[in-house]
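# Tertiary structure, described
Spelled out from the first residue to the last, the chains are:
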Amino acid sequence: TQEERRDLLTSMLYSPVPESVPDHLLGLLLVFNYWSTKENVSPAQVYALLLCRFILKYVDPKTNFARSEKKIKQELENPKTSSNKRDYLNAMSKYVAFFHTEESLKSSSPKFDRSTVHGLSMLQSIFYFVSVSNRLLGNVITLPRIEELINGTFYYNMTAYIEKKPEAIQSCHLPSAEKENFLTELNILLENLKHLTVPGAKRGGRKKKTKPKEDKASEVADDVDYAQSGSESEFFDVQNKFSALALSG
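Not measured: the values here are computed from a predicted model. (Residues numbered from 1 in each chain as written. Predicted model: local features only at pLDDT ≥ 70, side-chain atom pairs only at ≥ 80, totals over all residues. Heavy atoms only, no water.)

### Quick look at the overall build of the chain
What counts here: In this description a helix means any DSSP run of H or I spanning at least four residues, a strand means any run of E spanning at least two, and both kinds are numbered starting from the N terminus. Three exposure classes are used, based on accessible area relative to the maximum for each residue type with a 1.4 Å probe and protein chains only: buried under 20%, partly exposed in between, and exposed over 50%. Residue contacts are defined here by distance: any two heavy atoms, one from each residue, within 4.5 Å place the two residues in contact. In this description, accessible areas are obtained by the Shrake-Rupley approach with a 1.4 Å probe, and a residue is regarded as covered only by the protein chains that are shown.
Secondary structure assignment for the chain yields 10 helices and 2 strands. For the chain, the succession of helices and strands along the chain, N to C, is α-α-α-α-α-α-α-α-α-α-β-β. Taken across its 249 residues, the chain has 40% of its residues classed as buried. Here the analysis covers contacts within the chain between residues at least 6 apart in sequence; of these, 72% occur between residues at least 24 apart. Of the roughly 14500 Å² of accessible surface on the chain, a fraction of 51% belongs to carbon and sulfur atoms.

### Section: the packing of helix 1 (residues 2–13) against helix 2 (residues 23–38)
Note the cut-off: Between N-to-C directions, angles span 0 to 180 degrees; the directions come from axes that are lines fitted to C-alpha atoms, helices contributing only their stretch in contact. Roughly parallel here means an angle under 35 degrees, roughly antiparallel means over 145, roughly perpendicular means 65 to 115, and every remaining angle is called oblique. Classification convention: Asp, Glu, Lys, Arg as charged; Ala, Val, Leu, Ile, Met, Phe, Trp, Tyr, Cys, Pro as nonpolar; all other residues, Gly among them, as polar.
Two numbers describe how helix 1 lies on helix 2: the axes approach to 8 Å, and their chain directions differ by 40 degrees. Considering the angle they form, helix 1 stands oblique to helix 2. The segment helix 1 lies against helix 2, with R6, T10, M12 and L13 engaging D23, L26, L30, N33 and Y34. Partitioned by chemical class, the residues of the contact of helix 1 with helix 2 number 5 nonpolar, 2 polar and 2 charged.

### Quick word on the packing of aromatic side chains
Here is the rule we go by: Only centres within 6.5 Å qualify two rings of Phe, Tyr or Trp (six-membered ring in Trp) as a pair; their planes then separate them into stacked at under 30 degrees, edge-to-face at over 60, and tilted for everything else.
The full count for this structure, using the stated rule, is 10 aromatic pairs. Between Y95 and F98, the aromatic rings sit 6.3 Å apart at their centres with planes inclined by 55 degrees, giving tilted as the arrangement. Assessed through its relative accessible area of 3%, Y95 is described here as buried. Residue F98 is classed as buried on the basis of its relative accessible area, which comes to 15%. Members of the aromatic cluster, each reached through a chain of ring pairs, are Y95, F98, F99, F154 and Y161.

### Thoughts on the packing of helix 4 (residues 69–77) against helix 5 (residues 83–95)
Selection criterion: By convention, the crossing between two helices is left-handed when the near helix turns anticlockwise from the far helix through less than a right angle, and right-handed when the turn is clockwise.
For the pair helix 4 and helix 5, the least separation of the axes is 10 Å and the interaxial angle reads 150 degrees. For the element pair helix 4 / helix 5, the angle class is roughly antiparallel. Judged by the sense of rotation from one axis to the other, the crossing of helix 4 with helix 5 is left-handed. Residues I72, E75, L76 and E77 of helix 4 form the contact with helix 5, whose participating residues are K85, R86, L89, N90, M92 and S93. For the contact of helix 4 with helix 5, the residue count by class is 4 nonpolar, 2 polar and 4 charged.

Rendered as structure tokens:
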């Protein structure tokens, strides 16, 4: 039966499933829970992903997917802009910078947090295989579309921001209707994800071994967590055991 197939999927990802979790949020909870058992996942990462989902799904359609601060400002100053759209533009004005890569990250590797990117790589792989399993079992749980959940740049920037200012996790700049739903869903996720790291704690990554100075080739190889495959545009995260499954194809 459908219930048996659903129990089969959920038992692999979260057991027992909390009854208080609404059906539309259950899929995300299952994916995030399994992710947090394989990686050090912080509340900031959950906040960043859920907020990204609300912006991509609810704010973007109201603002014509605006990503330009200048264009948003012009629309806000335009007296013909409706009050409803103005609310969403105001919200987007607070977050638009998070959709752009900080220039220093393009040239300064010490400022680049590899563990944040690796965590997203793990999540994407887990999400993919849960999605495939769900389809094979007859779509027994509700999962969001991946394009309405993840924007890598926003996720990276918002995670970094919240980990620097943990108190900011208590609120958001979404329009009032979306803000209430967002905070409700966030609280449900944080209350039921039992493997998250302590708020404000540094997420650990691989410890680097001391290398002899003359061994430059192996030093560079160990310092880079990504391997090239096929062409310059195709990479896989060698520390992500889930992405390695794709290599068998």
